[in-house]
Amino acid sequence: MSCILNIDTSTNVCSVAVSQDGACIFSKEDHDGPNHAVILGTFVDEAMSFADSHAIPLDAVAISQGPGSYTGLRIGASMAKGICFGQDLKLISVPTLELMTVPVLLREEVEEGALLCPMIDADTYKEYLDRGPVYFFGNGAEKCMEVINHPNARLIKGVEPLAKWMYPLAERRIAQEKFEDVAYFVPFYLKDFV
């Protein structure tokens, strides 16, 4: 297994975590944002100091790739790329919506065959609701639930993309040797601008 510095800045929450051997061993979160430009550097410094003080060498940096806040993603990607260049580490990107499913799958009893629907922006899913249970979560879900009136609609509150949930996805990408080119990586929908 690997030791990974995980960074998520895709929403108003800024979070940094260190994972090792399939467990989160350090985590910092700020839910008062968006304060990414102000606090991300401090969180990363604390995380790297934690790893150093426990003699745990980092193997990679994982970053949420979006969708999400344009500015937040740019701040997180810049920090991650700088660390990778400076420390000669691998860069891993994780889709934000995939990241949001991790705590739901680990903490919730989800009905078999249900559709998981992480949401940053609200939308409707009548076609899927008619087929069976659909679990909505994320900062766009509560707004969406105000207009969805369907017996198969389920709302899970409090689910946000957080760095502490990134490790299973990041470790899978390490096992698959699926790394980003540090020099050319940009978050997912910013690729149109480069």
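Residues numbered from 1 in each chain as written. Predicted model: local features only at pLDDT ≥ 70, side-chain atom pairs only at ≥ 80, totals over all residues. Heavy atoms only, no water.

> Could you clarify how one ought to interpret the sheet that holds strand E1 (residues 3-8) in this entry?
Each strand in a sheet pairs with its neighbour through backbone hydrogen bonds, running either in the same direction (parallel) or in the opposite one (antiparallel). Strands sit in the order E3-E2-E1-E4-E5 across an open sheet of 5 strands; the sheet is mixed. What marks the edges here is a single partner per strand, and that holds for strand E3 (23-30) and strand E5 (90-95). In this sheet, adjacent strand axes meet at a mean angle of 20 degrees when their direction is disregarded. Pairing analysis gives 4 bridges linking E1 to strand E4 (residues 60-66), with the strands arranged parallel. For Asn-6, the partnering residue across the bridge sits in E4 and is Ala-62. Across the sheet, helix H3 (residues 96-107) lies against E1, E4 and E5, angled at about 75 degrees from E5, the strand it touches most. Sheet contacts for helix H6 (residues 167-175): E1, strand E2 (14-20), E3, E4 and E5; angle to E5, the most-contacted strand, approximately 125 degrees. (Pairing = 2+ DSSP bridges. Helix = DSSP H or I, 4+ residues; strand = E, 2+ residues; numbered from the N terminus. Axes fitted to C-alpha atoms, helices over the stretch in contact; angles between N-to-C directions. Contact = heavy atoms within 4.5 Å.)

> Please clarify how the nonpolar core should be interpreted in this entry.
Most often, soluble globular proteins keep nonpolar side chains buried together rather than apart. Formed by 26 residues in total, the largest nonpolar core has its most connected members in Leu-5, Ile-7, Val-16, Val-44, Val-61 and Ile-83. At the level of elements, E1, E2, helix H1 (36-53), E4 and helix H2 (70-87) are the ones that each hand at least two residues to this core. Ranked by residue count, the leading element in this core is H1, at 7 residues. Contact partners of Val-61, with chain neighbours within four places excluded, come to Ile-4, Leu-5, Ile-7, Ala-80, Ile-83, Cys-84, Leu-89, Lys-90, Leu-91 and Ile-92. Core analysis: the second largest hydrophobic core is formed by 14 residues, Ile-92, Val-94, Val-102 and Ala-170 among them. (Core = buried A, V, L, I, M, F, W, Y, C linked by side-chain atoms within 4.5 Å. Buried < 20%, exposed > 50% of the residue type's maximum accessible area, 1.4 Å probe, protein only.)

> When you look at the packing of aromatic side chains in this model, what are you seeing that I'm missing?
How two aromatic rings sit relative to each other is given by the distance of their centres and the angle of their planes. For the coordinates displayed, the defined rule picks out 1 aromatic pair. Each ring, one from Phe-26 and one from Phe-50, has its centre 5.2 Å from the other, and the planes form 35 degrees; the classification is tilted. Note that Phe-26 is positioned in strand E3 and Phe-50 in helix H1, a separation of 24 residues in sequence. When the ring centre of Phe-179 is taken as reference, the NZ or CZ atom of Lys-90 above it lies at 5.2 Å. (Phe/Tyr/Trp six-rings, centres within 6.5 Å; stacked < 30°, edge-to-face > 60°. Lys NZ or Arg CZ within 6 Å of the ring centre and 35° of its normal.)

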